[in-house]
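Read off the chains here:
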Amino acid sequence: KGETSGNVQHIVSITADCDRDALTVEVVKEGPACHLGTESCFSDLVYLNPAYQSFSVDGLMEMLEGRKKEKPEGSYTTYLFEKGLDKILKKVGEECTEVIIAAKAEDRAETIYEIADLTYHVMVLMTEQGISLADIRKELAKRHIIDHKVKQEKMTK
């Protein structure tokens, strides 16, 4: 990788299957993996069995990005993007409050439901602000490696 794009990938791990005839290679990328500027070269879906479609956060993010660009009529997500940042922030605040209320009531099912709502609205906010899941993963990875609580320490002083 990198001959055309100039971007390189650093190998983290290589895992073989039980027959040792296939490998999974985990890498850390410096820039997009594909010479077309995309995160992966594997974006040309050839076939998807509708009986086995599964949910993924990455898939949801792609859908949100599509809704922001295409703005299909009748879509709640389109409505949020059309109303703009203030409406999106209002929804994030409302959903955050609902998570707190459900958790305080120790209602596990309701808390899960409200966390899902909050997650969706935060992802709409991310899309509106141009923040990718990769940006969040990178930030979380930095926190995982450096295990000191700088923000919390500043708050207690």
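Residues numbered from 1 in each chain as written. Predicted model: local features only at pLDDT ≥ 70, side-chain atom pairs only at ≥ 80, totals over all residues. Heavy atoms only, no water.

Novice: What should I look at first to understand the environment of Thr97 in this one?
Specialist: Note on placement: Thr97 falls in helix H3 (residues 85-104). Given a relative accessible area of 43%, Thr97 falls into the partly exposed group. Separated by 17 residues in sequence, Thr97 and Glu114 place their C-alpha atoms 9.1 Å apart. (Helix = DSSP H or I, 4+ residues; strand = E, 2+ residues; numbered from the N terminus. Buried < 20%, exposed > 50% of the residue type's maximum accessible area, 1.4 Å probe, protein only.)

Novice: What is the right way to look at a nonpolar patch on the surface in this model?
Specialist: Judged by side-chain polarity, Ile11, Ile14, Leu23, Val25 and Val27 come together as a nonpolar surface patch covering roughly 460 Å² of accessible area. Mapped by element, the contributors of at least two residues to the nonpolar patch are strand S1 (8-16) and strand S2 (23-30). Looking at which element gives the most residues to the nonpolar patch, the answer is S2, with three residues. Among the secondary structure elements, Val25 is positioned in strand S2. (Patch = residues over 30% accessible without salt bridge, like charges linked within 9 Å, V, L, I, M, F, W, Y side chains within 5 Å. Areas by Shrake-Rupley, 256 points an atom, 1.4 Å probe, with all protein chains shown as cover. Salt bridge = Lys/Arg side-chain N within 4 Å of Asp/Glu carboxyl O.)

Novice: Can you walk me through the pattern of salt bridges in this structure?
Specialist: Between side chains of opposite charge, a pair can form when the charged atoms approach closely. Evaluated as defined, the whole model comprises six salt bridges. Taking the shortest distance from any N to any O, the salt bridge between Lys91 and Glu95 comes out at 3.7 Å. Remark: Glu95 and Lys91 occur in helix H3; sequence separation between them is four residues, near one turn of the helix. On the accessibility criterion, Lys91 (15% relative accessible area) is buried. Exposure remark for Glu95: the relative accessible area of 5% places this residue in the buried category.

Novice: Explain the packing of helix H1 (residues 57-70) against helix H4 (residues 108-129) to me, please; I cannot follow it from the model alone.
Specialist: Two measures define how a pair of helices packs: the angle their axes make with one another and the distance between the axes. For the pair H1 and H4, interaxial distance at closest approach is 10 Å and the crossing angle is 55°. The angle between H1 and H4 places the two elements in the oblique class. Relative to H4, the crossing made by H1 is right-handed. Between H1, through Val57, Leu60, Met61, Leu64, Glu65 and Lys68, and H4, the contact on the second element is made entirely by Tyr120, Met123, Val124, Met126, Thr127 and Glu128. Counted by class, the contact of H1 with H4 contains eight nonpolar, one polar and three charged residues. (Axes fitted to C-alpha atoms, helices over the stretch in contact; angles between N-to-C directions. Parallel < 35°, antiparallel > 145°, perpendicular 65-115°, else oblique. Left-handed = near helix turned anticlockwise from the far one by under 90°. Contact = heavy atoms within 4.5 Å. Nonpolar A, V, L, I, M, F, W, Y, C, P; charged D, E, K, R; others polar.)

Novice: Honestly, the packing of H1 against helix H2 (residues 76-83) in this entry has me stumped. Any pointers?
Specialist: Relative orientation of the contacting elements H1 and H2 amounts to 60°, with a least axis distance of 9 Å. Taken together, the axes of H1 and H2 are oblique relative to one another. Where H1 crosses over H2, the two elements pack in a sense that is right-handed. Along the contact surface, H1 presents Leu64, Arg67 and Lys68, while H2 presents Thr77, Thr78 and Phe81.

Novice: Can you help me understand unusual backbone geometry in this one?
Specialist: Note: most peptide bonds trans; most residues except glycine with negative phi. Despite not being glycine, Arg20 shows a phi value in the positive range, around 60°. By relative accessible area, which is 69% here, Arg20 ends up exposed. Unlike most non-glycine residues, Glu106 shows phi in positive territory, near 55°. Structurally, Glu106 is set in the loop between H3 and H4.

Novice: Would you take a moment to explain the side chain of Ser75 for this structure?
Specialist: Here Ser75 lies in the loop between H1 and H2. Ser75 gets classed as buried once you look at its relative accessible area, which sits at 14%. Within the structure, the side chain of Ser75 is placed 3.2 Å from the backbone nitrogen of Thr77, a separation counted as a polar contact. (Polar contact = N/O pair within 3.5 Å; in protein donor to acceptor, adjacent residues only side chain to side chain.)

Novice: Would you explain the nonpolar core in this entry?
Specialist: A general feature of soluble globular proteins is that nonpolar side chains tend to end up buried together. By size, the foremost hydrophobic cluster in this structure holds 15 residues, and its most contacted members are Met61, Leu64, Ile88, Met123 and Val124. Within the residue set of this core, elements represented by two or more residues are H1, H2, H3 and H4. Counting residues per element, this core draws most heavily on H4, which supplies six residues. Not counting chain neighbours up to four residues away, the residues in contact with Met61 comprise Met123, Met126, Thr127, Ile131 and Leu133. (Core = buried A, V, L, I, M, F, W, Y, C linked by side-chain atoms within 4.5 Å.)

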